[in-house]
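Here is what each chain is made of, one letter per residue.
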Amino acid sequence: MFSIEHLFRKSAPHARTADDFSRLPAHVAIIMDGNGRWAKKHRLAVAKGHRQGTETLREIIRHTDDLGIRALSLYAFSTENWSRPQEEVDALMQLILDFFASEIDELDAKNVHILILGDKSRLPRLQQETLLQAEERTAKNTGLHLNIAINYGGRDEIVRAARRLASLAAEGRLSPDSITEHSFSDYLYTSGQPDVDLLIRTSGEMRLSNFLLYQCAYAEFLFPKTLWPDFTVADYDDALMAFGRRNRRFGSRS
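Bear in mind that the values here come from a model prediction, so they are computed numbers and not experimental data.

What to know about the pairing of strand S5 (residues 198-201)
When a strand is regular, its side chains alternate between the sheet's two faces.
For step 1, the next point in the chain: Side chains Leu198 and Ile200 project from S5 onto one buried face, and the interleaved Leu199 and Arg201 project onto a second face that is buried too.
For step 2, the next point in the chain: Alignment of strand S1 (residues 27-31) against S5, held across 4 bridges, turns out to be parallel. Opposite isoleucine 31, over in S5, you have arginine 201 as the bridge partner.
For step 3, the next point in the chain: The sheet contact formed by S5 and strand S6 (residues 220-222) spans 3 bridges and is parallel. Looking across to S6, one finds that isoleucine 200 is bridged to leucine 222.

Quick look at the structure:
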């Protein structure tokens with residue numbers, strides 16, 4: 001069991017100034033990649049890599065909250081991950097239970113709003129209940145939006161939204177001509193949240209892997225080679241400062 005205190009302990013100070021964080025993203029998305037390779041590198045079972053990755057996760061959540069970033073989206077388990085070895089899937093399902101059992105009290109106390117992105121219905125019943133309880137308990141919180149993608153696929157999310165809009169149109173409750181990019185986004189899991197400003201994928205892989213496809217339309221991408229369990233708060237700070245130096249034009253000219 002992980003300690004609640006570990007999630008919110010203060011990290012070692014870094015030589016950062018206020019100017020370093022003058023242009024923070026409103027929404028950060030992270031593909032936490034490299035747990036399996038970290039485990040192989042250390043001659044450990046893959047499950048150990050995922051568990052070590054959870055230690056990194058705690059530090060990143062805490063630091064994101066400290067910086068006042070509005071939303072943090074984490075890719076925990078994709079719709080494609082069911083094809084992994086059953087032992088690894090079982091370990092990831094257990095990790096869901098362990099994480100929320102040890103951290104929900106402090107996350108709630110920190111005013112964090114938890115939202116699960118994805119189809120919870122395919123998960124084991126205990127995991128479904130745990131995730132629903134976390135969402136319900138923090139539903140009225142107004143701090144950091146912590147989005148955790150579990151059994152999530154970006155294409156599936158878009159199709160889901162399209163089906164809901166199509167049903168409303170078929171019932172005569174919505175005119176197809178009234179659908180805009182903005183109104184379409186209201187039917188995504190992240191309704192009401194800003195689009196992703198910065199997407200980080202650790203381990204050096206350079207692809208989205210079906211993560212937040214609609215929300216990442218104008219995101220800045222960073223692909224540090226560090227494996228997720230080795231990704232530190234200092235690495236995260238470097239990524240945030242690199243984002244601050246980007247010239248974001250959104251299709252226009254400077």
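Alright, that's what it looks like, and here's the rest.
What about helix H4 (residues 86-109)?
The periodicity of an α-helix, 3.6 residues per turn, causes residues three or four positions apart to be oriented the same way.
For step 1, the next point in the chain: Here H4 contains 24 residues, and its C-alpha end-to-end distance of 35 Å stays within 8% of the 34 Å for a straight helix at 1.5 Å per residue.
For step 2, the next point in the chain: Its maximal kink placed at glutamate 103, H4 deviates by approximately 55°.
For step 3, the next point in the chain: Backbone geometry just downstream of H4 places asparagine 111 in the positive-phi region, at approximately 70°.

Here we look at the environment of histidine 63
For step 1, the next point in the chain: Positionally, histidine 63 belongs in helix H3 (residues 46-67).
For step 2, the next point in the chain: Between the C-alpha atom of histidine 63 and that of proline 25, which follows or precedes it by 38 residues, the distance is 13 Å.
For step 3, the next point in the chain: Contacts of histidine 63, omitting those with residues within four sequence positions, involve Val233, Tyr236 and Asp237.

Here's the deal with unusual backbone geometry
Glycine aside, residues mostly have negative phi, and peptide bonds are mostly found in the trans state.
For step 1, the next point in the chain: Positioned with a positive phi, arginine 43 is a non-glycine residue whose angle comes to about 55°.
For step 2, the next point in the chain: Secondary-structure assignment places arginine 43 in the loop between helix H2 (35-41) and H3.
For step 3, the next point in the chain: Not every positive phi belongs to a glycine, and asparagine 111 is a case in point at roughly 70°.
For step 4, the next point in the chain: Within the secondary structure, asparagine 111 is located in the loop between H4 and strand S3 (113-117).

Some words on the pairing of strand S4 (residues 145-152)
For step 1, the next point in the chain: Among the 8 residues of S4, 7 are classified as buried, and the element is accordingly described as predominantly covered.
For step 2, the next point in the chain: Of the pairings in the sheet, the one linking strand S2 (residues 71-78) to S4 comprises 7 bridges and is parallel in character. Across the sheet, the residue bridging to phenylalanine 77 is isoleucine 150, located in S4.
For step 3, the next point in the chain: Between S3 and its parallel partner S4, the chain crosses via helix H5 (residues 125-137), and the hand of that crossover is left-handed.

Quick word on the packing of aromatic side chains
For step 1, the next point in the chain: Following the criterion strictly, the structure yields 9 aromatic pairs and no others.
For step 2, the next point in the chain: With centroids separated by 6.0 Å and ring planes inclined at 85°, the aromatic side chains of tyrosine 152 and phenylalanine 211 adopt a geometry described as edge-to-face. Of this pair, tyrosine 152 sits in strand S4 while phenylalanine 211 sits in the loop between S5 and S6, placing them 59 residues apart in sequence. As far as the burial class goes, tyrosine 152 and phenylalanine 211 line up, both buried.
For step 3, the next point in the chain: Here the aromatic cluster, defined as three or more aromatic residues joined through ring pairs, consists of Tyr75, Tyr152, Tyr189 and Phe211.

Calculation notes
Residues numbered from 1 in each chain as written. Predicted model: local features only at pLDDT ≥ 70, side-chain atom pairs only at ≥ 80, totals over all residues. Heavy atoms only, no water. Buried < 20%, exposed > 50% of the residue type's maximum accessible area, 1.4 Å probe, protein only. Helix = DSSP H or I, 4+ residues; strand = E, 2+ residues; numbered from the N terminus. Pairing = 2+ DSSP bridges. Expected span 1.5 Å × (residues − 1). Bend = angle between axes of the 7 residues up to and from the residue. Contact = heavy atoms within 4.5 Å. Right-handed = clockwise from strand over helix to strand, strands pointing away. Phe/Tyr/Trp six-rings, centres within 6.5 Å; stacked < 30°, edge-to-face > 60°.

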